[in-house]
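Breakdown of the fold
Below are the chains, spelled out letter by letter.
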Amino acid sequence: GGAKERVSLRFISPETGSGIIHGQGLNAQLEIQGDVFLGGTLCVGLRQHDDGTEFRVHPETESLYCEQELTQWANNTLVWTHDLPTLRLTKIALGKHAVWAVVYGASKALAAEVIVSRFSVVPPIFEASHEWHDIVEGQSIEAGLDVRMNLSSGRKEAKIPDSWRLQVWLPEIRRYFRANVPSTRLVGDIISEAAEMLGWTSSCIELETKQAHVITRDKSAAESRLFENRNGLRFRRSLECT
C-alpha cells in the first residue's frame, strides 16, 4: 500500500498582495515541505481577473506548467523556483490576478491542498489618486506626490497631496499665476482668481489641458484630475468673448 504522501506548500513569490510591473515575467517560487515519492507532479497555474471564485485545479484545464517526476525527498524542505516564460505579463491585463499550485502524488491523487497567491499587475508608471496605494518596486513615481512607508505592510505608498501648489504661465501679462489647490476646491474658484489677476471677466475665461480639453467649472480639483493634468494647463478667453 505504501506510505501516504504528505506535502505542504507555501508561495515565496509572488507574495499575496504584492504587485508586478506589466511586461515583466512571473517568477514562481514555492516552498515544498513533507514527503513525496518519485513520480509526483507539481503544477502551477494562473487565473486572470481574479474574482474570488473557486479555482479549478486539473492540469488539463488550467495548468500552465507542470514539473514531472519530482525527485524523492523525505521530512525535508525544498525550494522550487521556475521562471514561467508563458506568463509574460504583457499578455495579462492590468488588475488583480492569482497564481495557484498543487502537488499530485505518484498515484495522481492530491498530495496537498491547493494554495493560491493573489497579486496585482500594475503599469510601469505609478498611477496616483487621492488615496494611499502601494508603490511596486521598480515603478516610476512623479514629483510632487506624498510618499510614506506603511509600517504595517513594510511597503512604500504614495498619493496626491491633500493640497498642492498650481502654477500656470500667463503670457498676456508675462507672469505666473500661482494658487493653493486643496482637493475639494472648485475649478470655477481657481478661474475667478486667475481672471482677477488678468483683469478679465471670469465668465470669459476657460481653463484647458495640454490636449485642449476644457475643464468643467463646477467640478472639484480632484474630480477634474487637475493634479494629473497640471503640466500644460492654460487659461484662455472663451470664444464667446473674443
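Only a predicted model underlies this, so the values are computations on that prediction, with no experimental measurement involved.

1. Quick word on the overall build of the protein
In terms of regular secondary structure, the protein is built from 2 helices and 15 strands. Taken across its 242 residues, the protein has 41% of its residues classed as buried. Taking all contacts inside the protein whose residues are at least 6 apart in sequence as the whole, residues at least 24 apart take part in 62%. Of the roughly 13,700 Å² of accessible surface on the protein, 48% is carried by carbon and sulfur atoms.

2. So, the layout of surface pockets
Roughly 580 Å³ of volume is contained in the largest pocket. Around the largest pocket, the lining is made up of 27 residues, and of these Ser18, Gly19, Ile20, Val122 and Val136 lie nearest the centre. Sorting elements by how many residues they give to the lining of the largest pocket places strand β2 (residues 18-21) first, with 3 residues. Of the residues assigned to the lining of the largest pocket, the class counts are 10 nonpolar, 11 polar and 6 charged.

3. As for the confidence of the model for the protein
A residue-level look at the protein finds 75% of positions with pLDDT of 70 or above and a mean pLDDT of 80. Within the model, the stretch residues 53-63 combines pLDDT values under 50 with 28 contacts to residues more than four positions away or in other chains. Of the regions scoring below 50 in pLDDT, residues 84-90 engages in 22 contacts with residues more than four places distant in sequence or in other chains.

4. Some thoughts on unusual backbone geometry
Glycine aside, residues mostly have negative phi angles, and peptide bonds mostly take the trans form. Residues serine 13 and proline 14 are joined by a peptide bond in cis, for which omega reads -5 degrees. With a phi angle near 50 degrees, arginine 174 is a residue other than glycine that sits in the positive phi range. Inspection of the secondary structure assignment puts arginine 174 in the loop between β12 (163-170) and β13 (175-182). Under the relative-accessibility criterion, arginine 174 is labelled exposed at 65%. Of note, alanine 212 is a non-glycine position whose phi angle comes to about 65 degrees, a positive value. Residue placement: alanine 212 occurs in the loop between β14 (205-208) and β15 (234-237).

5. So, the packing of aromatic side chains
For the coordinates displayed, the defined rule picks out 3 aromatic pairs. Ring geometry for tryptophan 164 against phenylalanine 227: centres 5.3 Å apart, planes inclined by 85 degrees, an arrangement best described as edge-to-face. Of the two residues, tryptophan 164 is situated in strand β12 and phenylalanine 227 in the loop between β14 and β15; the sequence distance between them amounts to 63 residues. Residue tryptophan 164 is classed as buried on the basis of its relative accessible area of 8%. Here phenylalanine 177 and phenylalanine 235 contribute two aromatic rings whose centre-to-centre distance is 5.4 Å and whose plane-to-plane angle is 90 degrees, an arrangement assigned as edge-to-face. One end of the pair, phenylalanine 177, is in strand β13; the other, phenylalanine 235, is in strand β15, with 58 residues separating them in the sequence. A relative accessible area of 4% places phenylalanine 235 in the buried class. Here the basic side chain of arginine 230 rests over the ring of phenylalanine 227, its NZ or CZ set 3.8 Å away from the ring centre. When the ring centre of tryptophan 200 is taken as reference, the NZ or CZ atom of arginine 237 above it lies at 4.2 Å.

6. Re the pairing of β13
Of the strand pairs in this sheet, β12 and β13 are connected by 8 bridges, and their pairing is antiparallel. Bridge pairing in β13 links tryptophan 169 to tyrosine 176. Joining the antiparallel neighbours β12 and β13 is a turn of 4 residues, in which arginine 174 adopts a positive phi near 50 degrees.

7. Comments concerning the nonpolar core
Core analysis: the largest hydrophobic core is formed by 28 residues, its most contacted members being Leu166, Phe177, Leu207, Leu226 and Phe235. Of all the secondary structure elements, the ones that give two or more residues to this core are β12, β13, α2 (187-198) and β14. No other element matches the 6 residues that α2 contributes to this core. Setting aside residues no more than four positions away along its own chain, phenylalanine 235 makes contact with Val168, Leu170, Glu172, Phe177, Ile190, Ile191, Ala194, Ile205, Glu206 and Leu207. One finds Phe11, Leu30, Val99 and Ile115 within the second-largest nonpolar core, a separate group that totals 17 residues.

Conventions adopted
Residues numbered from 1 in each chain as written. Predicted model: local features only at pLDDT ≥ 70, side-chain atom pairs only at ≥ 80, totals over all residues. Heavy atoms only, no water. Helix = DSSP H or I, 4+ residues; strand = E, 2+ residues; numbered from the N terminus. Buried < 20%, exposed > 50% of the residue type's maximum accessible area, 1.4 Å probe, protein only. Contact = heavy atoms within 4.5 Å. Areas by Shrake-Rupley, 256 points an atom, 1.4 Å probe, with all protein chains shown as cover. 1 Å grid on protein atoms, 1.4 Å probe; cavity = no way out; pocket = protein on both sides within 12 Å on 5 of 7 lines; lining within 4 Å. Points joined across faces, edges and corners; volume = space filled by probe spheres on them. Nonpolar A, V, L, I, M, F, W, Y, C, P; charged D, E, K, R; others polar. pLDDT = per-residue confidence, 0-100. Phe/Tyr/Trp six-rings, centres within 6.5 Å; stacked < 30°, edge-to-face > 60°. Lys NZ or Arg CZ within 6 Å of the ring centre and 35° of its normal. Pairing = 2+ DSSP bridges. Core = buried A, V, L, I, M, F, W, Y, C linked by side-chain atoms within 4.5 Å.

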